[in-house]
Number of protein chains: 2
Amino acid sequence: MESIKDVAREAGVSTATVSRVLAGKPYVSEKARAQVLAAVDKLKYRPNRAAQTLRSQRSTTIGLLVSDIRNPYFTAVSRAVEDVAHEAGYSIFLCNTDENPEKEALYLKEMADKNVAGVIYSPTKQSAETLTPNQFGFPIVLVDRNTPNSDIDTVLLDNVTAGERLTFHLLENGYRRIFGVFGEASTTGEQRREGFLRALRSMELSPVGESFTTPRIQGGLTAAMNALQAANPPDAIFTTNSLLAAGALSAIHKCQLRIPDDVALVGFDETTWSTLVQPQLTVIAQPTYEIGQTATEMLLKRIEDPKRSARKVILSGELLVRGSSAAR
Amino acid sequence: MESIKDVAREAGVSTATVSRVLAGKPYVSEKARAQVLAAVDKLKYRPNRAAQTLRSQRSTTIGLLVSDIRNPYFTAVSRAVEDVAHEAGYSIFLCNTDENPEKEALYLKEMADKNVAGVIYSPTKQSAETLTPNQFGFPIVLVDRNTPNSDIDTVLLDNVTAGERLTFHLLENGYRRIFGVFGEASTTGEQRREGFLRALRSMELSPVGESFTTPRIQGGLTAAMNALQAANPPDAIFTTNSLLAAGALSAIHKCQLRIPDDVALVGFDETTWSTLVQPQLTVIAQPTYEIGQTATEMLLKRIEDPKRSARKVILSGELLVRGSSAAR
DNA sequence: TTGTAAGCGTTATCAC
DNA sequence: GTGATAACGCTTACAA
């Protein structure tokens, strides 16, 4: 592999000049610049990233820590992150933490070892609680989940409002006996629940039941199954992510109930399947691509300017009303 | 940050000894080993990856190049890849190539710049044609797609057989006017088509029509729409991935046709939604996790032993018969 | 079994 | 404007 020395020799300049040209630094004569560029071209020179990172202590890699890439929300976010990062010359390290604080800590250390420029991170509630801006030696931007610390850049849905709106929609359509299925371990499920309860309270209602479970299909299935087979079954099920909704839908099918006549179903996140099932699923759609995009842009800006003031970007979800919650 | 020198000083040995201990190399006394380990522990020393990579010319990172992580097949594979890689101490770089050979080439170069230990790669047909084992300076393992070159490690589904089996299933159930929707740009769609045609030919039939399209929802939608509105509509639609199936299903809904009475639908890949739609979708399920796992294990073995003979691992898919292709 | 020391390919500080 | 040159933190001959 050609090194910067080869380029310097070819261009008839020193390695310092080559480095300056490539870094776009000032104080290089037009002539030298042209010679260097020609040499780079001729030798097809590409700088060695490890050497750059070692010397400069910063890399062009950003970490992406999500609980599970198979959750369609994170899949969509990660695509946006990768697009924007790559556009800016960064690569991404992908990690799955499985909502496990120990795994999170482990990965974060590995990120530090690799001198990542920054990390986009979706922490468990537990990890989120103690987060501080300079804890890791690199900047972080939170996505999907919040932290009590307002000094940390964060991109979030307005979860409380979204939960409230989705619940109001059910109430408006005549549902009164609503069961809530919430993902545990994250602030997100909690906030959506808060909106859920707020809407119910405003009509002096309480949920017919609530379940907190791992935010995966099996969790949604079990929770909904229990709810539907209880003495006092719900007329609507409110879920806080697409996996829980899938599980709940499966439970409804298993119980041979009709949607929405026997029980309505609503959830979060627009997925491939939400308009493929019949009736179609009413959801709060999140602007997933924008979320990933915004988070990455924020991270890149902070990498450039570490003293930039922190900000929380709150995006609003869109209620997509469909057949699964039709008026009774 | 502590460096290896600090550890050496603390342990009262040289940096060479520290390095030997940490690399698990022989010829270190038990005493020295213990001292080093104690020092590492005390100082919470973690080796700098950039320095290791620069010096040794190999990193603990592997690249994962897929066309689009949002394709559930690749999502599932990537999860397995990350699991196995991490277990072995490797991190993964994720890249989306969008079936674009130029993007593929670009990313592959970036991988080289970063000294990746190897790459798991799902090439377009075009890129696959000229692949050679040492083209990039690091080993590659192909997933999902084949190359004419038998010297390249590959993990694949037995696509021809799978396509054939899925088609036979339709034929057995009385469907005769079958339309094929194939993903273009990859060998996979091609091979599945080969099986499809082979099954039809064995009964002296031809497809009622064929469409080659970008393997995404919109492609499936348009292709199926055209087929269904043609003068000579099919009684079954055969698709080669889950996105195409989703598009086709959408088209069938749009045309207000009933499945399977008006038209049957079959596809590839088990997804969250294949058992959520009604009737449920008949598919060839691929062992996606195993595919990712196997590919990663193969790559790690080749990294260890570059002269290991190349192998193609062909896994078989499982036909899951469901309502969308019930006997007529 | 251990230590010395020479790089790996950059960047950045000097001095010119 | 430019060029020597000293790091960055590690691995690995080679010598002892």
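Sequence order sets the numbering: in each chain, residues are counted from 1 along the sequence as written. To label them, take the chains in the order written and letter them from A, then take the ligands in the order written and number them from 1. For this predicted model, a pLDDT threshold of at least 70 governs which residues receive local features, and a threshold of 80 or more governs which side-chain atom pairs are given and counted, while totals over whole chains, interfaces and linings are taken from all residues. To obtain the side-chain values, all non-hydrogen atoms of the structure were used and water was disregarded.

Visitor: So what's going on with the domain arrangement of chain A? Which residues, and what values?
Guide: As a measure of interface size, the accessible area lost when the parts come together is often cited. Annotation comment: domain bounds sourced from an automatic or database domain assignment. Splitting chain A by domain gives domain 1 (4–47), domain 2 (56–155 + 288–316) and domain 3 (159–286 + 319–325). Here the C-alpha centre of domain 3 of chain A lies 61 Å away from the C-alpha centre of domain 1 of chain A.

Visitor: Residue-level account of the protein's contact with DNA strand D, with values.
Guide: Nearness is judged by heavy atoms alone; a residue qualifies as near a molecule or strand once a single heavy atom is within 4 Å of it. The environment of DNA strand D is made up of 27 residues, and the closest members are Arg20 and Ser29 of chain A together with Ile4, Tyr45 and Arg55 of chain B. The sugar-phosphate share of atoms of DNA strand D within 4 Å of the protein amounts to 61%. Nitrogen and oxygen atoms within 3.5 Å of one another constitute a polar contact, given that in protein one can donate a hydrogen and the other can accept it, and given that sequence-neighbouring residues count only through two side-chain atoms. Between DNA strand D and the protein, one listed contact pairs a phosphate oxygen with a backbone N or O atom of Ile4 of chain B at 2.4 Å. The contact in question runs from a phosphate oxygen of DNA strand D to an N or O atom on the side chain of Ser19 of chain B, over 2.9 Å. We count a stretch as a helix when DSSP gives it H or I for four or more residues in a row; a strand needs E for two or more, and each element gets its number in order from the N terminus. Every element with two or more residues in the surface near DNA strand D is listed here: α2 (15–22) and α4 (49–56) of chain A together with α2 (15–23) and α4 (49–56) of chain B. Throughout this entry, Asp, Glu, Lys and Arg are counted as charged residues, while Ala, Val, Leu, Ile, Met, Phe, Trp, Tyr, Cys and Pro are counted as nonpolar. The remaining residues, Gly among them, count as polar. Looking at the surface near DNA strand D residue by residue, the classes come out as 11 nonpolar, 10 polar and six charged.

Visitor: Now, about the interface of chain B and chain A: what can you tell me, with residues and values included?
Guide: Facing the 46 residues of chain B at the interface are 46 residues of chain A. Summed over both partners, the accessible area lost on bringing two parts together, with a 1.4 Å probe, is the buried area. With both sides pooled, the region where chain B packs onto chain A buries about 4200 Å², and carbon together with sulfur makes up 55% of that total. Of all residues in chain B, Arg79, Asp113 and Leu276 of chain B give up the largest surface area on contact with chain A, accounting jointly for 17% of the area buried on that side. Salt bridges are counted wherever a side-chain nitrogen of Lys or Arg sits within 4 Å of a carboxyl oxygen of Asp or Glu. The interface formed by chain B and chain A holds six salt bridges in total. At the junction of chain B and chain A, the tally comes to 28 residue pairs in polar contact (both at pLDDT 80 or more). Taken together, the residues of the side of chain B that touches chain A break down into 19 nonpolar, 16 polar and 11 charged. Any two residues whose heavy atoms approach within 4.5 Å are treated as being in contact.

Visitor: Could you give me a rundown of helix α3 (residues 30–43) of chain A, with the residues and numbers involved?
Guide: All names here are of chain A. One less than the residue count of a helix, multiplied by 1.5 Å, gives the span that helix is expected to have. Between its first and last C-alpha, α3 extends 20 Å over 14 residues, near the 20 Å set by a 1.5 Å rise per residue. Burial here depends on accessible area, computed with a 1.4 Å probe over protein chains only, as a share of the maximum for the residue type. Under 20% is buried, over 50% is exposed, and the range in between is partly exposed. Among all positions of α3, only Ala32, Val36, Ala39, Val40 and Leu43 are buried. The arc that holds every buried residue of α3, seen down its axis, measures 100 degrees, which confines them to one face. Along α3, the residues that are exposed and aim more than 90 degrees away from the buried face are Glu30, Lys31, Asp41 and Lys42. Within two residues after α3, Lys44 carries a phi angle of roughly 50 degrees, on the positive side. Of all possible arcs, the one meant is that of the directions from the helix axis to the C-beta atoms.

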